[in-house]
Amino acid sequence: MSRAKTQAPAKMLLFTERSRSKRRLKSFLLRQDIRYEGRVTWNAAHLRWLAEVVCPTPPQQIVFQEYARAVSEQHERRRRVERELHEAVTLQPVVGPRPRRMCILRPMSRALDSALAKLATLPADEQDRIAQWLLDELRDEEHWARQFSTSQEALSQLAGEARAERAAGRATELDPDKL
């Protein structure tokens, strides 16, 4: 089995477990009517707020601390496994025939990571439809980038001609009402 096929399920499992831990903690806090007033959760301010949360009773505080500890452990586990997977991909040679595509762990933005996790929860046909749309959009962007990069000389020449015509008084102002 290729590295890409073995790494994808591991990353998805880690993401799923961390999401579940966060949901349990948030649900518990909501049941205790303890609400975070900030706009964004799981950032530095939210984590500081979590460190200061005090529940009404000692048993509730114990449960809260266990849920918070589970979130922290899942976060550390994910970082550790991602680091180990990255080292395995970059340091170990490929044994046997080289796979057509290698899974290279590149840092993703949180938004992209979140979008991919959400995409993974959709049915396979919906995932394929969205993936195809995204690939088409990226291909289109690459196409236009190539077109513009190869036409810079022609565009510069046309711009120079337009400036010369305007300077010579042969150009007229564009009137949108007359189009």
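The rules behind these values
Residues numbered from 1 in each chain as written. Predicted model: local features only at pLDDT ≥ 70, side-chain atom pairs only at ≥ 80, totals over all residues. Heavy atoms only, no water. Salt bridge = Lys/Arg side-chain N within 4 Å of Asp/Glu carboxyl O. Helix = DSSP H or I, 4+ residues; strand = E, 2+ residues; numbered from the N terminus. Patch = residues over 30% accessible without salt bridge, like charges linked within 9 Å, V, L, I, M, F, W, Y side chains within 5 Å. Areas by Shrake-Rupley, 256 points an atom, 1.4 Å probe, with all protein chains shown as cover. Buried < 20%, exposed > 50% of the residue type's maximum accessible area, 1.4 Å probe, protein only. Phe/Tyr/Trp six-rings, centres within 6.5 Å; stacked < 30°, edge-to-face > 60°. Contact = heavy atoms within 4.5 Å.

Okay, the pattern of salt bridges next. Counting across every chain of the model gives six salt bridges. In this structure, Arg129 engages Glu126 in a salt bridge whose closest nitrogen and oxygen atoms are separated by 2.6 Å. Taken together, the residues Arg129 and Glu126, both in helix H5 (residues 124-150) and three residues apart, mark about one turn of the helix.

The grouping of Trp133, Leu134, Leu135 and Leu138 at the surface amounts to a nonpolar patch, some 400 Å² of accessible area in total. Tracing the backbone shows Trp133 in helix H5. On the accessibility criterion, Trp133 (51% relative accessible area) is exposed.

Following the criterion strictly, the structure yields two aromatic pairs and no others. When the centroid spacing of 5.2 Å and the interplanar angle of 55° are considered together, the rings of Tyr36 and Trp49 count as tilted. With Tyr36 in the loop between helix H1 (3-31) and helix H2 (44-52) and Trp49 in helix H2, this pair connects stretches of sequence that are 13 residues apart.

The next point concerns the side chain of Gln74. Relative to the helices and strands, Gln74 resides in helix H3 (residues 58-91). With relative accessibility at 13%, the residue Gln74 sits in the buried group. Ignoring any residue separated from it by four or fewer positions in sequence, one finds Gln74 in contact with Glu17, Arg18 and Ser21.

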